[in-house]
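Residue-level structure breakdown
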Amino acid sequence: LLGMAVVFRLLGSTAEEYFSPSLEMFSFKLGLPPRFAGVTLLALGNGAADVSATMNAIASDPENGYKMSLGELTGAAMFITTVVAGAVIMANDGLTCRGALVRDVMALGIATLVVALNLLRGEVTKATTRTFIGMYVIFVLIVLIADVYHRAVMLPRLSKQAEMVERQRQLDAERFASAHAGDELNITASASVDEDAHRDRGDFDDARTHVSAPSQLEDIQGGGGGNTALTAVLNALSNYSKDEELIEGFDTMGHQRSSGWGVESSVEGTKEWDRPIVLRGPNGILTRNRHHEDGTNNEETFDAPYHVMEDLDLDIETNVCISTGSTGFAAHNWSGALHDGKQELITHFRECWRDILDDDECSRLEKLLLICEFPFTVCRKLTVSIPCEGSYCRALVALSLALSPLWVGIYAWNNFDTNLWGWQMGVFVAVTLPLGLMILRYAPGGEGTMATFLAVPIALYGFVIAATWIDAIADKLVALLEFLGVTLRIPNSIMGLTILAWGNSMADLSANVTMARKGLANMAITACFAGPLFNILIGLGAGFGLLRGIKQQEILYVSLTPDISTGFVFCFANCIFILFSGLAVNKGVIPAGYGYMAIGMYAVYVVTSLVLNYALPESS
């Protein structure tokens, strides 16, 4: 049991700490709209563990492995959309039911129904896998179109609205001051300004009648006579409605703000309130230990005698690897680079160990698991390059580049029986070792950031290495679960919907509830439904595609066990229930009491699945 718990933690932490940072960096560097990034790159990072476990379960047992995968996907979907979502709702004392949440719940319900109907036919073809993946592509396009519309149309409209409101406020204030002062000159000037303002807005008439701000705002909000039905649909899909624009569009200081997928504020702008929220890494809101905040991290590194000082005149060759505005500096020479690199590694791993021992929020059991995981943490850090801001350590990036070929050789040998320990390994090392040395010599140390042109390809390489770690860990996890299933005579589907689903969902429970408690309930509840949608459609689409390649068959014959069928029924019913409760019964609000009902529904689902599975053994 201890070994299984450690493997589950390894799978989750690899996806969160080594796989997701690169994806988050890509989404920021590419300037992707927040919700589009959430359903593409960030969904890939959050669902990597589930999808990898699904594909490994299918590939490990070509005849019955898909049953464990289906059990895990339906079980995890039910756990996240009931237990996790219920905990989020209770933590936030209720939620509004609108926009992105309605969109994602409907999408999950439709996807569940389509997948179940396709699998009930008993045959999986190329068209079936294309349907699954195509549905998710359509969902991504819907989110993208709504976000682009919001950027291109709604934000300029809201900006104009804010400008008009502020101008009208100034005019009213000026008229009020003039009236009380009894200054006719000021009154005349106010009227002149008022006249010019209305002429600029195109609503001036010869009678010099004043057109009030509300009618102007109505014209702006209505889109100037455009297609109001299309506007309403796009606003709803992007989690922006007319009411939200009027009430939540601006804060008390007049700054534009809104809520939606992946962030609590829009990221289209460059202001502080427009920036995305970082979830993981040293600066993330889900991070317990943040070394840099107390100013003590890397103190040994900065005390190193060879460490370059700010007043050194560095040449262009040294600065080329450093991002503009970086607070870190390259080493002055090779001796200094080696010395600083050694000190950085010692400091980094010492802090990692202190994080385990000195964390008062961790229970004794969690500290025991972290200690058991620590040797693997060291191995992952020494092979996965993470040049992303917040997770950057110059010496670690350099060393991981140099040592990564060793891990690739082990992975290829264990998972594919491929020997790369000949001339291939020599070529591999001849490329990565000099690159690691160049990083150690010319990249910035301390809290510095690497230049984008260099950080992006290294992050992409680290992303690939992290994916191999996830695949290797998922393979061992599936093998362990299959062994336990055979030993304890538990069907694969039951192992999937219970142990595998629970293990893969614990990280979602912790992260989403933490976000809800920190005021990010909208993001947390959206993740509870958009995440399972990605896992089901992409996991089954890729998994059955892989199985078709393994078996070399155009048609795969499948059968659903009673517990799997029960999972699909409950998933669909849960989506209908939350929409009915939020929209019809409570008029756009999901009350806190719904969380208890959702958890109760999950308990009924588990009991029903177990009873049906063991009461109808011939159907299993």
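Everything numeric in this text was worked out from a predicted model, so none of it was measured. (Residues numbered from 1 in each chain as written. Predicted model: local features only at pLDDT ≥ 70, side-chain atom pairs only at ≥ 80, totals over all residues. Heavy atoms only, no water.)

To continue, consider the overall build of the chain. Helix and strand counts for the chain stand at 21 helices and four strands. Sorting the 620 residues of the chain into buried and exposed places 49% on the buried side. At a minimum sequence separation of 6, the contacts of the chain that also span at least 24 residues come to 77%. Carbon and sulfur atoms make up 63% of the accessible area of the chain, which totals about 28500 Å². (Helix = DSSP H or I, 4+ residues; strand = E, 2+ residues; numbered from the N terminus. Buried < 20%, exposed > 50% of the residue type's maximum accessible area, 1.4 Å probe, protein only. Contact = heavy atoms within 4.5 Å. Areas by Shrake-Rupley, 256 points an atom, 1.4 Å probe, with all protein chains shown as cover.)

Before going further, it helps to examine the nonpolar core. Of all hydrophobic cores here, the largest spans 71 residues; its most connected members are L119, Y136, F529 and F544. For this core, the leading source of residues is helix α19 (residues 521-551), giving 14 residues. The next biggest cluster of nonpolar side chains, apart from the first, holds 38 residues, and it includes A15, A48, A466 and L481. (Core = buried A, V, L, I, M, F, W, Y, C linked by side-chain atoms within 4.5 Å.)

In this fold, C372 is placed in helix α14 (residues 364-381). Considered as a pair, C372 and G3 are 369 residues apart in the sequence and their alpha carbons are 8.9 Å apart. If sequence neighbours within four positions are ignored, C372 has contacts with L2 and V6.

This part covers helix α4 (residues 65-91). With 27 residues, α4 ought to run about 39 Å at 1.5 Å a step, and its terminal C-alpha atoms sit 37 Å apart, in line with that. At I80, α4 is deflected by roughly 30°, the largest bend along its length. Following α4 by one or two positions, D93 adopts a phi angle in the positive range, close to 60°. (Expected span 1.5 Å × (residues − 1). Bend = angle between axes of the 7 residues up to and from the residue.)

Examined against the element boundaries, N118 turns out to sit in helix α5 (residues 99-120). A polar contact of 2.7 Å, which involves the side chain of N118, links it to the backbone oxygen of V114. Every residue in contact with N118, bar those within four places of it in the chain, is listed here: E123, T128 and F132. (Polar contact = N/O pair within 3.5 Å; in protein donor to acceptor, adjacent residues only side chain to side chain.)

On to the packing of aromatic side chains. Counted under the stated rule, the structure contains 13 aromatic pairs. With a centroid separation of 6.5 Å and 75° between ring planes, the pair formed by W334 and Y442 is classed as edge-to-face. One end of the pair, W334, is in helix α13 (residues 334-357); the other, Y442, is in helix α16 (residues 423-442), and 108 residues separate them in sequence. Classification of W334 as partly exposed rests on a relative accessible area of 37%. With a centroid separation of 5.5 Å and 75° between ring planes, the pair formed by Y411 and F416 is classed as edge-to-face. A relative accessible area of 12% places Y411 in the buried class. One aromatic cluster is present, formed by F79, F570, Y602 and Y605 through successive ring pairs. (Phe/Tyr/Trp six-rings, centres within 6.5 Å; stacked < 30°, edge-to-face > 60°.)

Within the chain, D417 stands out as a residue other than glycine whose phi angle is a positive 55°. Positionally, D417 belongs in the loop between α15 (394-416) and α16. With a phi close to 60°, R489 is a non-glycine residue in the positive phi region. Tracing the backbone shows R489 in the loop between α17 (452-488) and α18 (492-517).

Side chains carrying opposite charge are able to pair once their charged atoms draw close together. The tally for this structure, following the rule as stated, stands at nine salt bridges. Residues K551 and E63 are paired through a salt bridge, measuring 3.7 Å at the closest nitrogen-oxygen approach. Of this pair, K551 sits in helix α19 while E63 sits in the loop between α3 (41-60) and α4, placing them 488 residues apart in sequence. A salt bridge links D172 to R175, with the nearest nitrogen and oxygen atoms 2.3 Å apart. Note that D172 and R175 are positioned in helix α6 (residues 126-181) at a spacing of three residues, about one turn of the helix. With relative accessibility at 38%, the residue D172 sits in the partly exposed group. Note on R175: relative accessible area 29%, which makes it partly exposed. (Salt bridge = Lys/Arg side-chain N within 4 Å of Asp/Glu carboxyl O.)

Moving on, we come to the side chain of T82. The residue T82 is located in helix α4 in this model. Engagement of the side chain of T82 in a polar contact is seen with the backbone oxygen of M78, the distance being 2.3 Å.

Next up on the list: the packing of α4 against helix α20 (residues 562-585). Where α4 meets α20, the axes come as close as 9 Å, and the angle between the chain directions of the two elements is 30°. By the angle class used here, α4 and α20 are roughly parallel. The chirality of how α4 crosses α20 is left-handed. For the pair α4 and α20, contact is made by K67, L70, G71, T74, A77, M78, T81 and T82 and by I564, G567, F568, F570, C571 and N574, respectively. In the contact of α4 with α20, the residues fall into seven nonpolar, six polar and one charged. (Axes fitted to C-alpha atoms, helices over the stretch in contact; angles between N-to-C directions. Parallel < 35°, antiparallel > 145°, perpendicular 65-115°, else oblique. Left-handed = near helix turned anticlockwise from the far one by under 90°. Nonpolar A, V, L, I, M, F, W, Y, C, P; charged D, E, K, R; others polar.)

Time to look at the environment of G86. Take G86: it is sitting in helix α4. C-alpha of G86 to C-alpha of Y596: the two residues are 510 residues apart in sequence and 6.5 Å apart in space. Setting aside residues up to four positions removed in sequence, G86 forms contacts with G595 and A598.

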